[in-house]
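Close look at the chain arrangement
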Amino acid sequence: MVKYNPKTWLALIFHSYSRQVVKTLFPALVFMGLYTAGITYFLLDYMGLSFLSTTVVHSLLGIVLGLFLVFRVNSAYDRWWEGRKLWGLLLNNSRNLASKLSAYLPDDDKANRNYFAQIIPNFAVSMKEHLRSGVDLEDLDIAEDGFLAKLKGKKHIPNAISFMIYKKINELYMDKKLTGDQFFVLDKEVKEFSDILGGCERIRNTPIPYSYSMFIKKFIFTFTITLPFAFMTEFHYWTVPIVLMVFFILVSVELIAEEIEDPFGNDVNDLPTDDLCEKIKKNVRELILIE
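Summarised in this report is the structure supplied together with it. What you see as residue numbers is a count from 1 along each chain, following the sequence as written. pLDDT decides what is reported in this predicted model: residues at 70 or higher carry local features, side-chain atom pairs at 80 or more are listed and counted, and totals for whole chains, interfaces and linings draw on all residues regardless. Hydrogens and waters are ignored; side-chain quantities use all the structure's heavy atoms.

1. Here's the deal with the nonpolar core
By nonpolar core is meant a set of buried Ala, Val, Leu, Ile, Met, Phe, Trp, Tyr and Cys residues that side-chain atoms within 4.5 Å join together. Accessibility here uses a 1.4 Å probe with only protein chains present; expressed as a share of the type maximum, an area under 20% marks a residue as buried, one over 50% as exposed, and anything in between as partly exposed. Judged by nonpolar contacts, the single largest core of 50 residues is most densely connected at Trp-87, Phe-116 and Ile-119. Segments assigned H or I by DSSP are reported as helices when at least four residues long, segments assigned E as strands when at least two residues long, and all are numbered from the N terminus. Listing elements by their share of this core, those giving two or more residues are helix H3 (56-104), helix H4 (110-130), helix H5 (147-151), helix H6 (157-174), helix H7 (180-205), helix H10 (239-260) and helix H11 (273-288). Only heavy atoms enter the contact rule, under which two residues are in contact if any of them lie within 4.5 Å. Excluding residues within four positions of it along the chain, Ile-119 makes contact with Ala-143, Phe-147, Ile-161, Met-164 and Ile-165.

Structural data, given as C-alpha cells:
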C-alpha cells in the first residue's frame, strides 16, 4: 500500500504512480490517438464531409457512465475496506489470544510458550499467502519437531494451522493446565480466526459480477470510440488530445477499481499484509515469550 501525506498537493499531482498508469495505458492511448487522427483525416480532409457535430448525446451518456463508474469504484473500495477491517481484526485477535495464553500458562512453561509464539504468527503468514498464490511452507517458522511434515500435502494450510492451535489448547485442557473457563475463553478466540479467514476468502473468491464488469467496459469503449464524431468538425485535429484526455480519465478509474477489488495481492494499492504479518509476529512474541 502506498504511504503518503494527503496534504501535499504537488507531490500527489506529480507522483510516479501517475506515470505507471500512463505506461499501462500507453498501447490503448496510442491506438485511440491514431484512431482519432485517422478518422478525422478521412472524414474531413480526404472525404471533405461537412456535418454538424454535437456533444449533446455524449453529455447525456456521460451522466449515465459517471453513475456506473461511481458505483464501480465504491463497490471495489468497499471490498478493499472490508479486507482492511478483517486484517485489523486478525491483528487484534492475535494479540488477545497471545495475551490470554501468556496469562494462563506458567512462566516456566517454555515449550508451550514458544509453540504459540511461533504458530499464531504462522496463521497470519499462511493466510496472507493463501489469499495470493499459495503457501510456501518455507515461509513458516518451526513451531515444533515435525511441524512442516504435518503440513506437507495439505491443500488448505491456514485451516491446518488453526486446527493445530485448537488441538494444542485442547491438550493443555486435558492435561489440567487450563481450566474449563479458560478453555472456553480461548475457544472463542480460535473460532474468530476461521471467521476472519472465511471473510477474506469471500472477498477473494467472489469477483464483481461478470455481466456488470463486461457491460461497463463495453460502455466505456462505445463512449470513447464514438467521441471523435462529437468534436471533429469544431476542433478538427485538436480532437485528438481531447479524446485522449477523456479516454485516460475513464479507463484510469476502471483500472483503479480493478486493482483494489482484490486487496490481498501485490499491487501498489493493495493492503500492507506483509507489514501486518510482521506486526503480528512482533506483538505476539513480545506478549508470550518471557526472557
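Read on, since the account is not over.
2. Examining a nonpolar patch on the surface
Side chains of Tyr-41, Phe-42, Tyr-46, Met-47, Leu-49 and Tyr-237 sit close together on the surface and give an oily, nonpolar patch of about 630 Å² of accessible area. Mapped onto the elements, Met-47 comes out in the loop between helix H2 (16-46) and H3. Each patch is built from salt-bridge-free residues with over 30% relative accessible area, joining like charges within 9 Å and nonpolar side chains (Val, Leu, Ile, Met, Phe, Trp, Tyr) within 5 Å. For the accessible areas, the method is Shrake-Rupley and the probe is 1.4 Å, while residue cover comes only from the protein chains on display. Note on definitions: salt bridges are taken to be side-chain nitrogens of Lys or Arg within 4 Å of carboxyl oxygens of Asp or Glu.

3. Some details on the packing of aromatic side chains
Two aromatic rings, drawn from Phe, Tyr or Trp (for Trp, its six-membered ring), form a pair once their centres lie within 6.5 Å of each other, and the interplanar angle then sorts them: stacked below 30 degrees, edge-to-face above 60, tilted otherwise. Following the criterion strictly, the structure yields 13 aromatic pairs and no others. Considering the side-chain rings of Phe-68 and Phe-219, the 5.9 Å spacing of their centres and the 80° angle between planes classify their relative orientation as edge-to-face. Residue Phe-68 is found in helix H3, and its partner Phe-219 is found in helix H8 (residues 210-226); the two are separated by 151 residues along the sequence. Through pairs of rings, three or more aromatic residues link up here, namely Phe-68, Phe-71, Tyr-212 and Phe-219. Directly above the aromatic system of Tyr-115 lies the positively charged group of Lys-168, at a separation of 4.7 Å from the ring centroid. Geometrically, a lysine NZ or arginine CZ counts as sitting over a ring once it is within 6 Å of the ring centre and also within 35 degrees of the ring normal. One Lys or Arg, Lys-218, reaches over the ring of Phe-215 and ends 5.6 Å from the middle of that ring.

4. Observations regarding the packing of H6 against H7
At a minimum axis separation of 10 Å, H6 and H7 run at an interaxial angle of 180°. By the angle class used here, H6 and H7 are roughly antiparallel. Between H6 and H7, the contacting residues are Pro-158, Asn-159, Ser-162, Ile-165, Tyr-166, Ile-169, Asn-170 and Tyr-173 on the first element and Gly-180, Phe-183, Leu-186, Asp-187, Val-190, Phe-193, Ser-194 and Leu-197 on the second. In the contact of H6 with H7, the residues fall into 10 nonpolar, five polar and one charged. Every axis corresponds to a line fitted to the C-alpha atoms, with the helix fit spanning only the stretch in contact, and the corresponding angles, defined between N-to-C directions, vary from 0 to 180 degrees. When describing relative orientation, an angle under 35 degrees is termed roughly parallel and one over 145 degrees roughly antiparallel, while 65 to 115 degrees is termed roughly perpendicular and anything else oblique. All amino acids are sorted into three groups, where Ala, Val, Leu, Ile, Met, Phe, Trp, Tyr, Cys and Pro are nonpolar, Asp, Glu, Lys and Arg are charged, and the leftover types, Gly among them, are polar.

5. Focus on H7
The span one expects for a helix is its residue count, reduced by one, times 1.5 Å. For H7, built from 26 residues, the straight-helix expectation of 38 Å at 1.5 Å per residue is met to within 8% by its first-to-last C-alpha distance of 37 Å. The complete set of buried residues in H7 reads Gln-182, Phe-183, Leu-186, Glu-189, Val-190, Phe-193, Ile-196, Leu-197, Gly-199, Cys-200, Glu-201 and Ile-203. Where H7 is buried, its residues touch H3, H4 and H6.

6. Focus on unusual backbone geometry
Located in the positive-phi region is Lys-176, a residue other than glycine, with phi close to 65°. Assignment of secondary structure puts Lys-176 in the loop between H6 and H7. Here His-236, not a glycine, exhibits a phi torsion of approximately 55°, which is positive. Judged by its relative accessible area of 30%, His-236 falls in the partly exposed class.

7. Comments concerning the side chain of Glu-259
Assignment of secondary structure puts Glu-259 in helix H10. No salt bridge is formed by the buried Glu-259; its nearest oppositely charged neighbour, Arg-72, is found at 11 Å. Neither His nor the chain termini are counted; the positive set is Lys and Arg, and the negative set is Asp and Glu.

8. Let's talk about the side chain of Glu-254
Note on placement: Glu-254 falls in helix H10. For Glu-254, a relative accessible area of 4% translates into the label buried. Residues in contact with Glu-254, not counting those within four places in the same chain, are Leu-69, Arg-72, Ile-216, Lys-217 and Ile-220.

9. Side note on the pattern of salt bridges
Counted according to the given criterion, the structure contains 17 salt bridges. The residue Glu-129 makes a salt bridge to Lys-128 at a minimum N-O spacing of 3.3 Å. Exposure remark for Glu-129: the relative accessible area of 14% places this residue in the buried category. On the accessibility criterion, Lys-128 (10% relative accessible area) is buried.

10. Notes on the packing of H3 against H7
Between H3 and H7, the least distance of the axes is 10 Å, while the angle of their chain directions is 160°. Relative to H7, H3 is oriented roughly antiparallel. Handedness of the H3/H7 crossing: left-handed. Here the residues of the contact of H3 with H7 are counted per class, giving 13 nonpolar, six polar and six charged. Note on convention: the crossing is left-handed when the near helix lies turned anticlockwise from the far helix by less than a right angle, right-handed when the turn is clockwise.

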